[in-house]
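A closer look at the structure
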Amino acid sequence: MSRAGDVATFDRVARFYDWVSPSADAAEFREALSFAERDVERVLDVGGGTGRGASALDVRERIVADAAAGMTRQARRNGFEAVRADAGRLPFVDESVDAVLVVDALHHFGDPDRALAEAARVLRPGGVLVIREIDPTALVGRLVEWGERAYGFDSTFFPPADLGRRVAAAGLDARFRSSGFEYTVVGRA
Ligand SMILES: C[S@@+](CC[C@H](N)C(=O)[O-])C[C@H]1O[C@@H](n2cnc3c(N)ncnc32)[C@H](O)[C@@H]1O
């Protein structure tokens, strides 16, 4: 279910990825995690790349799962436990993590609904799925979408309400909030 071209590109740029990526929005994540109805001690960052999203969280255990080997190598260099895995087949047992992050990654997944179902499966009751995405209905979002396609990525972006419905369809209690061209969807198990 991977988009092989997208993953191969991230594999190639992994060593340089952190040089050009802005820091993740720690305040936004804290806000999103506060929706959990349990203590958040074990977080899985899916499509987590070098661990940029995980690095913004102050939690005991942060694990990166990514389809690109180069990204998982870089995540380990950055001090994270990291596994090479497809978002649609996570190598974790049911109800084994308190939160799942998907930051700037869902639009690259070949089967986003399957990835959402997998995230819901591994969440413990009361845990949360936190998704940061680009809004393709906002002007800057449209430019990002155009830029990714021009670069050769096979990205699919979802408007916030659409993604909220998809998260609800995965069996989670979903809500979203927009901030400019980026938005956050949170779904609680
Ligand atoms: C734009 S990067 C975002 C990385 C990180 N979340 C961040 O915010 O910096 C997208 C990531 O999704 C990963 N990815 C793409 N398709 C995937 C899939 N099917 N399963 C797991 N990871 C995938 C890529 O390898 C890449 O590391």
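Our subject in this report is the structure included herewith. Nothing here was measured: the structure is a model prediction, and the numbers come from that model.

Moving on: the overall build of the protein chain. Secondary structure assignment for the protein chain yields seven helices and seven strands. Computed over its C-alpha atoms, the radius of gyration of the protein chain comes to 15 Å, within 12% of the 16 Å expected for a compact globule of 189 residues. Here the protein chain holds 189 residues, and the buried ones make up 44% of them. For the protein chain, long-range pairs separated by at least 24 residues make up 65% of all intrachain contacts whose partners lie at least 6 apart in sequence.

Near the ligand there are 23 residues, and of these Phe10, Gly47, Gly49, Arg52 and Ala68 occur at the shortest range. Only helix H1 (4-20) and helix H3 (52-55) provide two or more residues apiece to the shell around the ligand. Per-element accounting of the shell around the ligand gives the leading share, three residues, to H1. Residue classes in the shell around the ligand are distributed as 10 nonpolar, eight polar and five charged.

Further remarks concern the sheet that holds strand E5 (residues 123-134). The strand order across the open sheet formed by seven strands is E3-E2-E1-E4-E5-E7-E6, and the pairing between neighbours is mixed. Both outer strands of the open sheet, strand E3 (81-84) and strand E6 (173-179), are each paired with one neighbouring strand and no more. Along the sheet, successive strands turn relative to each other by an average axial angle of 20°, direction set aside. Bridge analysis of strand E1 (residues 42-46) against strand E2 (residues 61-66) gives five bridges, and the strand direction is parallel. If you follow Asp45 over to E2, its bridge partner there is Val64. Along the sheet, helix H5 (residues 112-122) makes contact with E1, strand E4 (97-103) and E5, crossing E5 at roughly 150°.

Our next topic: the pairing of E2. Where E2 lies against E3, four bridges are found, and the strand directions are parallel. Across the sheet, residue Ala65 finds its bridge partner in E3, namely Val83. You can see the chain leave E2, run along helix H4 (residues 69-77) and come back into E3, and the turn it takes is right-handed.

Turning our eyes to something else, we now look at the environment of Leu101. Here Leu101 shows up in strand E4. Look at Leu101 and you get buried, because 28 C-beta atoms sit within 10 Å. C-alpha separation for the pair Leu101 and Val128, spaced 27 residues apart in sequence, amounts to 8.5 Å.

Take the nonpolar core next. Grouped together as the largest cluster of nonpolar side chains are 51 residues, with contacts concentrated most on Val46, Val100, Leu129 and Val130. In terms of residue count, the dominant contributor to this core is E4 (six residues). With residues near it in sequence (within four places) discarded, Leu129 still touches Val100, Ala119, Ala120, Leu123, Val167, Leu172, Val186 and Gly187.

The element strand E7 (residues 182-188) is largely enclosed, with a buried count of five among its seven residues. Bridging between E5 and E7 involves seven bridges; their strand directions are antiparallel. Across the sheet, the residue bridging to Leu129 is Gly187, located in E7. Looking at chain direction, E6 and E7 are connected through seven bridges and run antiparallel.

Another point: H5. Among all positions of H5, only Pro112, Ala115, Leu116, Glu118, Ala119 and Val122 are buried. One face of H5 carries all of its buried residues, which in axial projection span an arc of 160°. Those residues of H5 that are buried lie in contact with E1, E4, E5 and helix H7 (160-169).

Our next topic: the packing of H1 against H4. Where H1 meets H4, the axes come as close as 6 Å, and the angle between the chain directions of the two elements is 25°. On the basis of the axis angle, H1 is roughly parallel to H4. Where H1 abuts H4, its residues Phe10, Asp11, Arg12, Ala14, Arg15 and Tyr17 lie against Ala69, Gly70, Met71, Arg73 and Gln74. For the contact of H1 with H4, the residue count by class is five nonpolar, two polar and four charged.

Rules and cut-offs
- Residues numbered from 1 in each chain as written.
- Predicted model: local features only at pLDDT ≥ 70, side-chain atom pairs only at ≥ 80, totals over all residues.
- Helix = DSSP H or I, 4+ residues; strand = E, 2+ residues; numbered from the N terminus.
- Rg over C-alpha atoms; globule rule 2.2 N^0.38 Å.
- Buried ≥ 20, exposed ≤ 12 C-beta atoms within 10 Å, placed from the backbone.
- Contact = placed C-beta atoms within 7 Å.
- Near = placed C-beta within 6 Å.
- Nonpolar A, V, L, I, M, F, W, Y, C, P; charged D, E, K, R; others polar.
- Pairing = 2+ DSSP bridges.
- Axes fitted to C-alpha atoms, helices over the stretch in contact; angles between N-to-C directions.
- Right-handed = clockwise from strand over helix to strand, strands pointing away.
- Core = buried A, V, L, I, M, F, W, Y, C linked by C-beta atoms within 7 Å.
- Arc of directions from axis to C-beta.
- Parallel < 35°, antiparallel > 145°, perpendicular 65-115°, else oblique.

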